[in-house]
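# Fold and geometry: a report
Next come the chains, spelled out residue by residue.
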Amino acid sequence: MKRIFTISDKVHGQGGISYCWQKSLGNYLATTGYDKWVRIYNRHGELIHELNLPGMCTGFGWDANGDTLAVINDHKGVIFLWNANNKKLTQVDVSFRDALSCLVWSKIDALLAVGTAKGNLIVYNHKTGRKSEVAGKHTKKITCGAWSKEGILALGGDDQILTLSTAEGDRIREVPIQGEISDLQFSKMKADEKNSTGETTLSLIKGKKMLYLYCLDDPENPIELNFSSKYGDIVEHKWYGDGYILIGFSKGFLISISTHLKEIGQEIFNVKDHKDALVSIAVSSSLNIVASAGDNCVKVHELLELKEMYAIIQLDDERSLDTIMWTDDGQLLAVSSAKGSLHIYLTKLPILGSAYMSRIAYLTSLLEVTVQDEIQQEPPTHIQVDVEPSFISIGPYHLAVGMNNRAWFYFFGEAGVQKLREKEYLGTVQSCCLNGDYAAVRFEGRVSLHMIDETRQDSDDKETARMFPDKDQKITCHDLTKDFLVYGTDKGTICYFYVNDWIEALEFRHVCGIRKLFPDPNGTRVAFIDDKADGHVLNPVNESTIEIPEISPKTVGILWDKYPLEKGVFITFDDEKIKTYIYNRETIKGPEVLKVGETHLPFGHVPLLLYQGELTLQTSSGSVQTILLNTHLFSQRDRRAGSSLSAEQLKECLNYCLILRRFHDAWGFCEQLVSKKSWMDLGKAAMHCLDVDYAIKVYREIGDVGMVMSLDSIKLIEDRNLLSGYLAMFMDDFNMAQELFLNSSNQVAALEMRRDLMHWDMALKLAKTLDERQIPYISKEYATQLEFLGDYPNALRHYEQGITKEDSNRDHDEACAFGVARMSIRMGDLRRGITMAMKMPSATLKKECAAILENMKQYSEAAILYEKGLFHDKAATAYIRAKNWAKVGELLPQVKTPKIHGQYARAKEAEGRYKEAANAYETAKDWDNAIRVYLDHLQKPDEAIRIVRASQSTDGARMVAKFFEKLKDFSSAIQFLVLSKCNDEAFQLAQKHGHMEKYADIIGPDATPEDYSSIAVHFENEKNHYLAGKFFFLAGKHSQALNHLLNPTNGENADALNLAVDVVGQANDQQLTKHLIGYLMGDEDNMPKDFKYLFRLYMALKQYREAANTAIIIAREEQNGGSYRVAHDLLFEMYQELRKQKIKIPAEMVNNLMLLHSYTLVKIHNNLNNHMKAARMLIRIAKNISKFPAHVVQLLTSTVISCHKAGLKNSAFSYGAMLMRPEYRDQIPPKHKKKIESFIRKPEKSEIEEPRTPCPFCDSELPETELTCASCKNSLPFCIATGCHIVKQEMTLCPSCQFPAILPEFLRLLEAEEGRCPMCTGKVNTTSVEKITDINKILHLDDDSVE
């Protein structure tokens, strides 16, 4: 809210101020104070009149119409009356000598009630001048009063009596109140039934604590409402809505209650509006808002939703407030302070605005108009005007404001805004429009067109003024463009007046009166609303109109988009919705108006300017705001950086772009949608708007070559109807295309289209009028279609009509003759049809006619035509149907259809000619019948077996099996029974004759679990436990299979035990697993089995930890037995399996694998003459010699020899001394014994120190063959090429087994060992060996393993 003026506390002096607004109009404000002056101001704060009273003012107020202000004082018994219309003051003398204490005007009549300090009453009729004086109305001072709309006067006084009187002052009733009476008001309580009429309830504040409700219809039952003490005293109350009351309390609370008897006493709303105190409340019923004053602020709430805060006014220059009051229209709010200041705030402005192109002018204060152009980024210009305007209009260079019958014109000059002139008209101005030179002003059904500045130098060359209309019509609306005055009349006439030539340019007549009209910026189109509330768009060039679809009957106005590239876009709006439309001048269908979409219009806002989809709205607070139409949100979304729209949102945006012809924006959305349908929609939209070039661009983008070529071939056509016809045809709207073609310069295009579409009936009709030469060709095509549809009579007629008998059309005539032949046969004229078919050389015709005859059961004639046309298979079939076997035999060598051969074979078999029948059956691929004939009639089983093996016929196999069974060849019989899927019969035969193993071999992988189960039972009965177990296993019966396989009669059968492991592994049954483990451990026979079976079992059960432990045991046994390679491979295999399953590898396994691998490396290093590395590996083995019990002496001997060769004299002496022990000495090979003894006798204890390399974990130096770091206590991975611990540099992994190695050493070893890894013996390509830069990949290779 904006403060528009303030009356200082110095005007009336200290001590407070009283004031009241003029009723109805609110143009004047009367104030008074302790200075005994009454001052009257207009709504702009200008002093209009002053009245000096003989005493203190005790009351003043305006009559119901706001024409008269009444003032009383405490000194002289005179009523002062000031007339607002003529500004004159009159006095009414009162005969009572006591001071006048209060006054109150009637709500409907010019009746003034005045009370005195002694309780007397004066009722003055201002219209008649009649005065009624009633003495003793109250016994004490009358302090307050109120009139009802029914003319009842209520008065309250210090005697605590409430009196009700008539308009003449006659007493109706007295009601004792027993408390101080204040704030009297008449209203109506809320009720379920609206029986009572008028204001029947009187409310008052009793003793500042209670709200007293007195019902005139029920005077004996008044209602007294008490409130919580925390609220404080009641300050004021106001009625609002349907019987609701707002009450303000001194401690800052504002509450709302209902007066409905069921709800009375209940608080509907409660809020503490002010921290310290509330001093006044005021309700504006016109705006549906309430204001409360307290502390130093005013808070405004919505009456319909009291929780919503409408506004807050903070008066920082005041410490406390006194009272607040609205004008009747709610436009102005007066707030007084305790010290005597009065502040006037503008609550609501009249919504006055105008726009010209992108510039707008709107009312921002009562005497201020703001002009701005946000599109051109011009700063706003604030213009102070002389009057509060009732209309505003803006042009390119001028602004017009005015009220009543006067207008003031302002000029936008280089020096700023200048007041140009003032003009008076012959009636009250209803609207005004401006262009560069002229103003068009409408008043009382006429329009005055005149120059704005008649003093301009070039004005002599122009007409200066004219009054419209010339005829007996009333102008209801008008507008002024750059070149035209456009106005509409109540008779339905829309006139264009060309301003430059000063002549009437157009007079269009509509069917009913014109209510409003809105030309586009250039005046080339005008949208108008008629008296039926229908909307239309008029094209003044050809005087055609197009109805605006779905226009609201409550439409307030229409705005055209002022953006040059949005030509044709306009909106209609009412109080709630904005509808967007587009006028397309050029489309396939001609001009059209399409509804694009809807947008919600915020309450209390009025559209002022539409520019590129952005709508500028004017508000009642004197400001403007901009919203983007829902139909143009795509432009905002397209600009938003990084915006991500759903597919549905993209489709919606694309749809709006297509309707609005924003093809460039639509292209972007199509790229995001990646949908061919979207591109197709864009192409169709471009074609619909005759934009052929853009349509070509779209279809080229999606690769539609055919459409691009078609569009390219028509883009230069100038005939609009012809072009539109082709585009409609491309869009599959063939009826419209035909209509457009027929209205074009090339009517034959319609005929060509129907021919291409095979719409032969339509084409034939068009050919009769457009091109009779095409009738034969169309008739032939039409006949073909009719023949397909089964309309043979009409097809025959059109075939005959299509024959031209011209040599140049021989092929065409031949096709028609073919049709005549076919249709003749179908129509029953067989002789004509067959004769024509026989005479003509076409084999196809013969085939077609023969097929027709065959369907008509004329088999002999059909066979003749088939044979004549060399269709031997069909001819043979027809002869068979005709029972002509002789002809069939003649044709048989040329027949390829198996069915015919089969029919012929059956005929020959019936005649007893079995050899021919068998051959015919084979030719027909009727294998079963051929086998039957060979076995039953020709006694040739070899031929039958040949056919069975070739054809795999089950029925044939069964017949052969029966044949062999009769010959006692059971093995062959079983084989053919299985081949014939007769497994049960084969089983019984095998069981009966002791060929079960043969049966099992034959049945193979095709057997079912039931088959295997039957075989197993057989072997079970035969006490063959191994085979019984095997077949129970195949049948899926694991428990029975295991019992048989572990039968003691099998002994330690390796096959049985291996199969038992497979059974348990597949069954994954805990009970069976426990049984097998017990058996393997010797629980049943005290004879433990080889650990390899237990190892296989754990592997089969995927119990890798147990398998690992078993593998260690097996490897240890192999190692103890001297099978070091076997033990190495077993541990390596288990190591890899555990790593694959991500299971932590046991340290014992790692250590044993390391020792065995060290043993493997000794030979490799010796072959490479690397005796030092070989010696180091042998020293490692010698330190763990107890793990190599089978070759202790040999290994120690090799250690001594290698250490001596490598210069490790001390190590050679140490291990040589060990060899000299009694238990080893005799086992030393003789060739080395003397040499070793010499080492011992003459010891040399020199030793080459072992090189030290850093630990890969902590970088501490340690011997290169040491695998445990003394500093960080980590176990170090070893190099598979050297046996040393790994280092950080020059490392790699074997591509085959993923074990670490030092890169140069590994490459050297691969070269010497033919590319084989020493760990996995896998073939390794040196090019696949890569250097590892991150040592952590090796150090933490197994970190993700599970314990």
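Residues numbered from 1 in each chain as written. Predicted model: local features only at pLDDT ≥ 70, side-chain atom pairs only at ≥ 80, totals over all residues. Heavy atoms only, no water.

Moving on, we come to the nonpolar core. Grouped together as the largest cluster of nonpolar side chains are 82 residues, with contacts concentrated most on Phe 669, Leu 682, Leu 711, Tyr 726, Leu 727, Phe 730 and Phe 741. The dominant element in this core, judged by the number of residues it contributes, is helix 8 (residues 720-730), at seven residues. Once you skip the residues sitting within four places of it in the chain, Phe 741 turns out to touch Leu 722, Gly 725, Tyr 726, Met 729, Asn 746, Gln 747, Ala 749, Ala 750 and Met 753. Ranked by size, the runner-up nonpolar core spans 71 residues in total, among them Ala 1127, Leu 1219, Ile 1302 and Ile 1332. (Core = buried A, V, L, I, M, F, W, Y, C linked by side-chain atoms within 4.5 Å. Buried < 20%, exposed > 50% of the residue type's maximum accessible area, 1.4 Å probe, protein only. Helix = DSSP H or I, 4+ residues; strand = E, 2+ residues; numbered from the N terminus. Contact = heavy atoms within 4.5 Å.)

Mapped onto the fold, Thr 347 is located in the loop between strand 32 (342-346) and strand 33 (353-356). Given the relative accessible area of 5%, Thr 347 is considered buried. Apart from residues lying up to four places away in sequence, Thr 347 is in contact with Met 1, Leu 287, Ile 289, Tyr 310, Trp 326, Gly 330, Gln 331, Leu 332, Leu 333 and Ser 620.

Next up on the list: helix 37 (residues 1171-1183). Given a rise of 1.5 Å per residue, 13 residues ought to cover 18 Å, and the 18 Å separating the end C-alpha atoms of helix 37 matches this to within 8%. Counted residue by residue, helix 37 has ten buried out of 13 residues, so it is predominantly covered. Against the buried residues of helix 37 lie helix 36 (1147-1167), helix 38 (1192-1206), helix 39 (1209-1219) and helix 42 (1303-1312). (Expected span 1.5 Å × (residues − 1).)

Residue Pro 469 follows Phe 468 across a cis peptide bond; omega there is 0°. Position of Pro 469 among the secondary structure elements: in the loop between strand 44 (465-468) and strand 45 (475-480). Of note in this structure, Met 758 is not a glycine but carries a positive phi near 65°. Structurally, Met 758 is set in the loop between helix 10 (748-756) and helix 11 (760-770). The phi dihedral of Thr 1321 is positive, around 55°, even though this residue is not glycine. Judged by its relative accessible area of 38%, Thr 1321 falls in the partly exposed class.

A few words now on the packing of aromatic side chains. The relative placement of two aromatic rings is captured by the distance of their centres and the angle of their planes. Evaluated as defined, the whole model comprises 25 aromatic pairs. Arranged with centres 6.2 Å apart and planes meeting at 80°, the rings of Trp 62 and Trp 82 form a pair that is edge-to-face. Separated by 20 residues along the polypeptide, Trp 62 in strand 6 (residues 57-62) and Trp 82 in strand 8 (residues 78-83) bring together distant segments of the chain. Members of the aromatic cluster, connected to one another through ring pairs, are Tyr 438, Phe 468, Tyr 487, Phe 497 and Trp 502. The ring of Trp 667 has Lys 697 lying over it, and the distance from NZ or CZ to the ring centre is 4.7 Å. (Phe/Tyr/Trp six-rings, centres within 6.5 Å; stacked < 30°, edge-to-face > 60°. Lys NZ or Arg CZ within 6 Å of the ring centre and 35° of its normal.)

For the rest of this paragraph, the subject is the packing of helix 14 (residues 810-826) against helix 15 (residues 830-839). At a minimum axis separation of 7 Å, helix 14 and helix 15 run at an interaxial angle of 145°. Between helix 14 and helix 15 the crossing geometry is left-handed. Of helix 15, the residues touching helix 14 (which contributes Ala 817, Val 820, Ala 821, Ser 824 and Ile 825) are Leu 830, Arg 832, Gly 833, Ile 834 and Met 836. For the contact of helix 14 with helix 15, the per-class residue count stands at seven nonpolar, two polar and one charged. (Axes fitted to C-alpha atoms, helices over the stretch in contact; angles between N-to-C directions. Left-handed = near helix turned anticlockwise from the far one by under 90°. Nonpolar A, V, L, I, M, F, W, Y, C, P; charged D, E, K, R; others polar.)

The topology assignment puts Ser 390 in the loop between strand 36 (378-384) and strand 37 (391-394). Between the alpha carbons of Ser 390 and Gln 430 there is a distance of 8.9 Å; along the sequence they are 40 residues apart. With residues up to four places along the chain from it excluded, the contact list for Ser 390 reads Leu 352, Gly 402, Met 403 and Asn 404.

Pairing within the open sheet is antiparallel, and its four strands lie in the order 26-27-28-29. Two strands in the sheet have a free side with no partner beyond their single neighbour: strand 26 (278-284) and strand 29 (309-314). If you compare each strand with its neighbour and ignore which way they point, the axes differ by 15° on average. Relative to strand 28 (residues 297-302), strand 27 (residues 289-294) runs antiparallel, the two being bridged by six bridges. Across the sheet, residue Val 290 finds its bridge partner in strand 28, namely His 301. (Pairing = 2+ DSSP bridges.)

With that settled, consider the sheet that holds strand 58 (residues 614-618). Ordered by their spatial adjacency, three strands build an open sheet running 57-58-59, and the pairing between neighbours is antiparallel. Only two strands of the sheet have a single neighbouring strand rather than two, namely strand 57 (606-611) and strand 59 (624-628). Mean inter-strand twist for the sheet, computed between neighbouring axes without regard to direction, equals 30°. By the bridge criterion, five bridges tie strand 58 to strand 59 in an arrangement that is antiparallel. Bridging from a neighbouring strand, Thr 616 pairs with Thr 626 of strand 59.

The next thing to look at is helix 14. The first and last C-alpha atoms of helix 14 sit 24 Å apart over 17 residues, in line with the 24 Å expected at 1.5 Å per residue. Buried residues dominate helix 14, accounting for twelve of its 17 residues. All buried positions along helix 14 are accounted for by His 812, Asp 813, Cys 816, Ala 817, Phe 818, Gly 819, Val 820, Ala 821, Arg 822, Met 823, Ser 824 and Ile 825. Looking at the buried positions of helix 14, the neighbouring elements they touch are helix 12 (775-789), helix 13 (792-802), helix 15 and helix 16 (843-855). With its phi angle positive at about 100°, Gly 828 sits one or two positions after the end of helix 14.

Burial analysis of strand 2 (residues 17-21) places four of its five residues in the buried class, the great majority of the element. Note that strand 2 and strand 3 (residues 28-33) share five bridges and pair antiparallel. By the bridge assignment for strand 3, Tyr 19 is matched with Thr 31. Where strand 2 hands over to strand 3, the hairpin turn is made up of six residues, of which Ser 24 adopts a positive phi near 65°.

Chain-level pLDDT for the chain is 84 on average; 83% of the residues reach the 70-or-more range. Within the chain, helix 25 (residues 970-979) has the poorest average pLDDT of any element, 57, and strand 50 (residues 526-530) the best, 96. (pLDDT = per-residue confidence, 0-100.)

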